[in-house]
Amino acid sequence: MEGPQREAFNFLLKISLDMQALVSKGDWEQITLLEKQRQETMEKCFSTPIAETDQFFVTQIIERTLDINQQLAAMSDSARQLLAASISQKNKNKFACEAYSETLSR
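This one's a predicted model, so the numbers in the text were calculated from it and none came from an experiment. (Residues numbered from 1 in each chain as written. Predicted model: local features only at pLDDT ≥ 70, side-chain atom pairs only at ≥ 80, totals over all residues. Heavy atoms only, no water.)

Undergrad: Which residues make up the pattern of salt bridges, and what values go with them?
TA: Tallied over the entire structure, the rule returns three salt bridges. Two residues, D18 and K14, come together in a salt bridge whose shortest N-O distance is 2.7 Å. Of the two residues, D18 and K14 are both situated in helix α1 (residues 3-25); the distance of four residues between them amounts to about one turn of the helix. In this structure D18 comes out as partly exposed when scored by relative accessible area, which is 29%. Classification of K14 as partly exposed rests on a relative accessible area of 44%. (Salt bridge = Lys/Arg side-chain N within 4 Å of Asp/Glu carboxyl O. Helix = DSSP H or I, 4+ residues; strand = E, 2+ residues; numbered from the N terminus. Buried < 20%, exposed > 50% of the residue type's maximum accessible area, 1.4 Å probe, protein only.)

Undergrad: A description of α1 should follow, citing residues and the corresponding values.
TA: With 23 residues, α1 should reach 33 Å at 1.5 Å per residue; the first-to-last C-alpha distance of 33 Å fits that figure. Every buried residue of α1 is listed here: Q5, A8, F9, L12, L13, I15, S16, M19, Q20, L22 and V23. Looking at the buried side of α1, the elements it contacts are α2 (28-45) and α3 (55-104). One or two residues past the end of α1 sits G26, with phi positive at roughly 75°. (Expected span 1.5 Å × (residues − 1). Contact = heavy atoms within 4.5 Å.)

Undergrad: Break down the nonpolar core for me, citing the residues and quoting the values.
TA: In terms of nonpolar packing, the biggest core is built from 16 residues, with F9, M19 and I61 touching the most fellow members. If you tally residues by element for this core, the top one is α1, at eight residues. When neighbours within four sequence positions are excluded, I61 is seen to be in contact with F9, N10, L12 and L13. (Core = buried A, V, L, I, M, F, W, Y, C linked by side-chain atoms within 4.5 Å.)

Structure representation (structure tokens):
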């Protein structure tokens, strides 16, 4: 594989690695932008048939990308759960403050 298709596969892996690094920083906005770019890159990767001689290279990139994607999914799920717990706690605190304020105003 040569030229643009190989570059697209390499870029696909680079985007996935960049997304993985951004998860640890919690930069969800940038991850969303990169996800759109990754989708476009995948379309370029598979827009033309892959030669049999290039299947090993492509398989390696796909396996690595899928591994990173699974890690991203697990990390984003953990972050979502933490956010949900934080929101829930803030709602409880708000309710407690409102209840306390009501007792003071009586």
